[in-house]
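What follows is each chain in one-letter form.
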Amino acid sequence: ILRILKKNGIAPAIPEDLYHLIKKAVSVRKHLEKYRKDKDSKFRLILIESRIHRLTRYYKRTQKLPATWKYTSATASTL
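Since we're looking at a predicted model, the values are computed, not measured.

What counts as what
- Residues numbered from 1 in each chain as written.
- Predicted model: local features only at pLDDT ≥ 70, side-chain atom pairs only at ≥ 80, totals over all residues.
- Heavy atoms only, no water.
- Axes fitted to C-alpha atoms, helices over the stretch in contact; angles between N-to-C directions.
- Helix = DSSP H or I, 4+ residues; strand = E, 2+ residues; numbered from the N terminus.
- Parallel < 35°, antiparallel > 145°, perpendicular 65-115°, else oblique.
- Left-handed = near helix turned anticlockwise from the far one by under 90°.
- Contact = heavy atoms within 4.5 Å.
- Nonpolar A, V, L, I, M, F, W, Y, C, P; charged D, E, K, R; others polar.
- Core = buried A, V, L, I, M, F, W, Y, C linked by side-chain atoms within 4.5 Å.
- Buried < 20%, exposed > 50% of the residue type's maximum accessible area, 1.4 Å probe, protein only.

A.B. asks: So what exactly am I meant to see when it comes to the packing of helix α2 (residues 16-34) against helix α3 (residues 39-61) here?
C.D. replies: Following both chains from N to C, one finds α2 and α3 inclined at 155°, their axes separated by 9 Å at the closest point. On the basis of their axis angle, the class for α2 and α3 is roughly antiparallel. Pair α2 / α3 crosses with left-handed handedness. For the pair α2 and α3, contact is made by Asp17, Leu18, Leu21, Ile22, Lys24, Ala25, Val28, Arg29, His31 and Leu32 and by Ser41, Lys42, Leu45, Ile48, Glu49, Arg51, Ile52, Leu55, Thr56 and Tyr59, respectively. Of the residues assigned to the contact of α2 with α3, the class counts are 11 nonpolar, 3 polar and 6 charged.

Right, dumping it as structure tokens:
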């Protein structure tokens, strides 16, 4: 499906797996705003964000993301 989208020029700017991880991190962060004492969610957020950073490193190396692209939690909700 992605090949067809790329051929037609409507492929997403960031890869799908990275997009869904960012979406998950945003929802966990929103949950933590409401429930600050939730230690397990805080730990899971750390794991999710480390996975995001690892994937970002991979996609920059394979040039699927621009070298200047950076994940920041403050701007993640705008995606």
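Further notes follow.
A.B. asks: Could you clarify how one ought to interpret the nonpolar core in this entry?
C.D. replies: When a protein is soluble and globular, its nonpolar side chains tend to lie buried together. If you look at the biggest cluster of nonpolar residues, it comprises 16 residues, and the most contacted ones within it are Leu18, Ile22, Ile52, Trp69 and Tyr71. Listing elements by their share of this core, those giving two or more residues are α2 and α3. For this core, the element with the most residues is α2, which contributes 6 residues. Apart from the residues within four sequence positions on either side, Trp69 is in contact with Ile14, Leu18, Ile22, Thr56 and Lys60.

A.B. asks: Hey, could you run me through the environment of Ile48 in this one?
C.D. replies: Within the fold, Ile48 resides in helix α3. The exposure class assigned to Ile48 is buried, which follows from its relative accessible area of 5%. The spacing of Ile48 and His31 is 17 residues in sequence and 14 Å in space, taken between C-alpha atoms.

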